[in-house]
Structures are given as structure tokens and as C-alpha cells.
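# Topology and contacts: notes
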Amino acid sequence: MGGNSPCASCKLLRRRCAKDCVFAPYFPSDDPHKFAIVHKVFGASNVSKMLQELSVHQRADAVSSLVYEANARMRDPVYGCVGAISYLQNQVSQLQMQLAVAQAEILCIQMQNEPVMPTPQMDPEDDKSFLLQNNLPQYLNFASSSNVIHDSLKRESIFGDIVS
């Protein structure tokens, strides 16, 4: 309790803020929305029990996590922060794919610009040498990576409003 002003939780719950109030250090009176959203999602009693079970040095991190999860639950009641994490993992995967395509295109261009050197006679039975000698350039002739970029931008995500 800071001075005579009750903490945000006691103010919202309309009760007297005791000196040993478990909420006071983490929900100051100047930020009532922080407790209001946590209370709406988890309930004051549950949050109080969680905080009392933790050691004092772990409580600030727990409150931070509760506030983050409560905000995520308000935006997406079904998946919460897991939905945001899934969206971001999907985005990373798409970007890794685009990077791989761009690297393959660079390799293809580099191979096309290098002077052709005579290759030693290779045994056609050796699949790897046959592929390198005869067919590799056709496998590296990808469509432009801009198609991949445009296709991924056209896709809509149900989490588009969480992360832009």
C-alpha cells in the first residue's frame, strides 16, 4: 500500500487495503486496468492463492505472466497466448522457406555465371555424378521467390489482429 491510497485490486474490490496486502506491490493504484483484466480472466481469489504459494522473488514474474496471458485471453478467448505463439511460429516457418528459396536462386545464378570447365569422365552408373553433370541446373531453375512472398501475403490469419 503506497501512502493512504489503496492498491488497484482493493480499489476495484472495494475493500480496505491492509499493510500486508498481497496485491499492493504488483497492482499499484495508478494502473487499475492491469488488475481489472487479471481479475476478469482469473479471479481475485485464484490470483491471491497463486501469489501466496510463490516465494516473494517469484511473484513479480508471475504477475507479469498473468497480465500477459489475461491480455491475450481477452483478444483470443479460445487460444490466448498460445494462438499468438502459433501465429509467430508459422510466420518464422514461412520466412525460413522464403530464405531457402532465395538462397537456391542465388546458387543457381552463381552457377550460371561461372565459366564452364571440362569435367573428367564420370561413370554414368554413379547417380550423384550423373545428376551433377547432366541434370542439376534444371532442378535449380526455380520460379521467382516473389511468387512465394506474394502468396504468403495473400493468406489471411485468424491471429492477424494480434501481431501485425
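Residues numbered from 1 in each chain as written. Predicted model: local features only at pLDDT ≥ 70, side-chain atom pairs only at ≥ 80, totals over all residues. Heavy atoms only, no water.

## Remarks on the overall build of the chain
- Counting secondary structure elements, the chain contains seven helices and zero strands.
- By the burial criterion, 28% of the 164 residues in the chain qualify as buried.
- In the structure as shown, the chain presents an accessible area of about 12,000 Å², 56% of it carried by carbon and sulfur atoms. (Helix = DSSP H or I, 4+ residues; strand = E, 2+ residues; numbered from the N terminus. Buried < 20%, exposed > 50% of the residue type's maximum accessible area, 1.4 Å probe, protein only. Areas by Shrake-Rupley, 256 points an atom, 1.4 Å probe, with all protein chains shown as cover.)

## Quick word on helix 5 (residues 81-113)
- Across its 33 residues, helix 5 extends 48 Å between first and last C-alpha, which sits within 8% of the 48 Å expected from 1.5 Å per residue.
- When we look at burial in helix 5, the residues that qualify are C81, G83, A84, Y87, Q94, Q98, V101, A104, E105 and C108. (Expected span 1.5 Å × (residues − 1).)

## As for the packing of aromatic side chains
- The tally for this structure, following the rule as stated, stands at three aromatic pairs.
- Clustering of aromatic rings is evident, with ring pairs tying together F23, F27 and F35. (Phe/Tyr/Trp six-rings, centres within 6.5 Å; stacked < 30°, edge-to-face > 60°.)

## Some points on the pattern of salt bridges
- Tallied over the full model, the rule gives one salt bridge.
- Between R73 and E69 there is a salt bridge whose closest N-O contact spans 2.7 Å. Of this pair, R73 and E69 both sit in helix 4 (residues 56-75), four residues apart, which is roughly one turn of the helix.
- With relative accessibility at 29%, the residue R73 sits in the partly exposed group. (Salt bridge = Lys/Arg side-chain N within 4 Å of Asp/Glu carboxyl O.)

## Describing the nonpolar core
- The biggest cluster of nonpolar side chains holds 21 residues, and the ones touching the most others in it are C7, C21, F23, F27, V38 and L51.
- At the level of elements, helix 1 (8-13), helix 2 (32-42), helix 3 (44-53) and helix 4 are the ones that each hand at least two residues to this core.
- Setting aside its immediate chain neighbours within four residues, F27 contacts C7, A8, S9, K34, F35, V38, V63 and V67. (Core = buried A, V, L, I, M, F, W, Y, C linked by side-chain atoms within 4.5 Å. Contact = heavy atoms within 4.5 Å.)

## Some points on the confidence of the model for the chain
- For the chain, per-residue confidence averages 80 on the pLDDT scale, and residues scoring 70 or more make up 68% of the total.
- Confidence over residues 142-164 falls short of pLDDT 50; this stretch has 21 contacts with residues more than four positions distant or in other chains. (pLDDT = per-residue confidence, 0-100.)

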